[in-house]
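As a plain string of letters, each chain reads:
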Amino acid sequence: MTTLRLTTYNIRLGIQLGVPAVAVALDRLTPDLVALQEVGQSWTMGPPGDTSTEIAAALGHPHHIYVTAIWGEDGANYGHALMSAHPLEPIAYVDLPRAIDEPRVLLHARLVHPIAGPVEVLSTHLSYKPSERPAQGEVLADLALGLHARGSRVLILGDLNEERSPPWMERLREVFHGADDDLGRPTYPSSAPRIKLDYILTNSGALGDPIVTPDAKASDHFPLSAKWDI
């Protein structure tokens, strides 16, 4: 059996306490695979520089993928990222349907573990607008369930902006189980947590030792972390 520590964290660009504070909050969890949302590269609201590369270096993760959702001026952009202690291969960048909200992207990558073998990883940040999220959730569910039907081990990590069980989530839950399902502890807002928006889901193995870090104030979300035994 192989155990990986998984973590998902909406870092809000690091504007609350800075990117180093985000890295410290993550490092305490000693994750093997991290999904970050609201990540900037010299974005207007955040610090200068390449945030995902800075955090990956602080964690000692040699592998990371950044996906741009919004392109700004002079090379600035905004999106989300995966970083890992083990090799990651980008498979696809899927533009999610939208009408009124900002662009959203679903990242499909493959983690290649030296012992456990390949794992399909889906990372995203769905819209907070109720009118946009159902169509985006259906794309996520279609891809995840399609990979499952082909016999793949699949992980879903991200800020799904969903606190209920709409049809697309019910479809996923027929196959996928999640970290902290028993307690369902809130991950947002960190100042007065009341709703669960952040998810780690899988169709394979066992998720245990879930951690929702109540003293993490580097963002308006708490990081969600769990051990995955495969």
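Residues numbered from 1 in each chain as written. Predicted model: local features only at pLDDT ≥ 70, side-chain atom pairs only at ≥ 80, totals over all residues. Heavy atoms only, no water.

Listing the buried residues of helix α1 (residues 19-27) in full gives Val19, Val22, Ala23, Ala25 and Leu26. Buried residues along α1 cover an arc of 160 degrees about the axis, so they all sit on one side. If you follow the buried residues of α1, they end up packed against β1 (3-10), β2 (33-41) and α2 (51-59). (Buried < 20%, exposed > 50% of the residue type's maximum accessible area, 1.4 Å probe, protein only. Helix = DSSP H or I, 4+ residues; strand = E, 2+ residues; numbered from the N terminus. Arc of directions from axis to C-beta. Contact = heavy atoms within 4.5 Å.)

For the structure on display, the rule yields 12 salt bridges. Residue Arg110 pairs with Glu89 through a salt bridge whose shortest N-O separation is 3.8 Å. With a gap of 21 residues between them, Arg110 in strand β6 (residues 105-113) and Glu89 in strand β5 (residues 88-95) connect regions that are remote in the sequence. In this structure, Asp181 engages Arg173 in a salt bridge whose closest nitrogen and oxygen atoms are separated by 2.8 Å. Within this structure, Glu89, Arg110 and Glu120 form a network of salt bridges that share partners. (Salt bridge = Lys/Arg side-chain N within 4 Å of Asp/Glu carboxyl O.)

The next subject is the sheet that holds β1. With respect to topology, six strands assemble into an open sheet ordered β3-β4-β2-β1-β12-β11, the strand pairing being mixed. Across the chains shown, the open sheet's two edge strands, defined by having one partner strand only, are β3 (63-71) and β11 (206-212). Each strand of the sheet is rotated relative to its neighbour by a mean of 20 degrees, with strand direction disregarded. Judged from the eight bridges that link them, β3 and strand β4 (residues 77-84) form a sheet pairing that is antiparallel. (Pairing = 2+ DSSP bridges. Axes fitted to C-alpha atoms, helices over the stretch in contact; angles between N-to-C directions.)

So, about the nonpolar core. Most often, soluble globular proteins have nonpolar side chains that are buried together. With 30 residues, the main nonpolar core has Leu6, Leu33, Leu82, Val121, Leu155 and Leu157 as its most contacted residues. With sequence-adjacent residues up to four places away left out, Leu82 is seen in contact with Leu33, Val34, Ala35, His63, His64, Ile65, Leu88, Leu107, Ala109, Val121 and Ser123. Judged by nonpolar contacts, the second largest core, of 18 residues, contains Leu126, Leu140, Leu145 and Leu172. (Core = buried A, V, L, I, M, F, W, Y, C linked by side-chain atoms within 4.5 Å.)

Within the secondary structure, His125 sits in strand β7 (residues 117-125). Residue classification places His125 among the buried residues on the basis of a relative accessible area of 7%. Within the structure, the side chain of His125 is placed 3.4 Å from the side chain of Arg104, a separation counted as a polar contact. Engagement of the side chain of His125 in a polar contact is seen with the side chain of Asp159, the distance being 3.1 Å. The contact partners of His125, leaving out residues within four places of it in the chain, are Asn10, Gln37, Glu38, Tyr78, His80, Arg104, Val105, Asp159 and Asn161. (Polar contact = N/O pair within 3.5 Å; in protein donor to acceptor, adjacent residues only side chain to side chain.)

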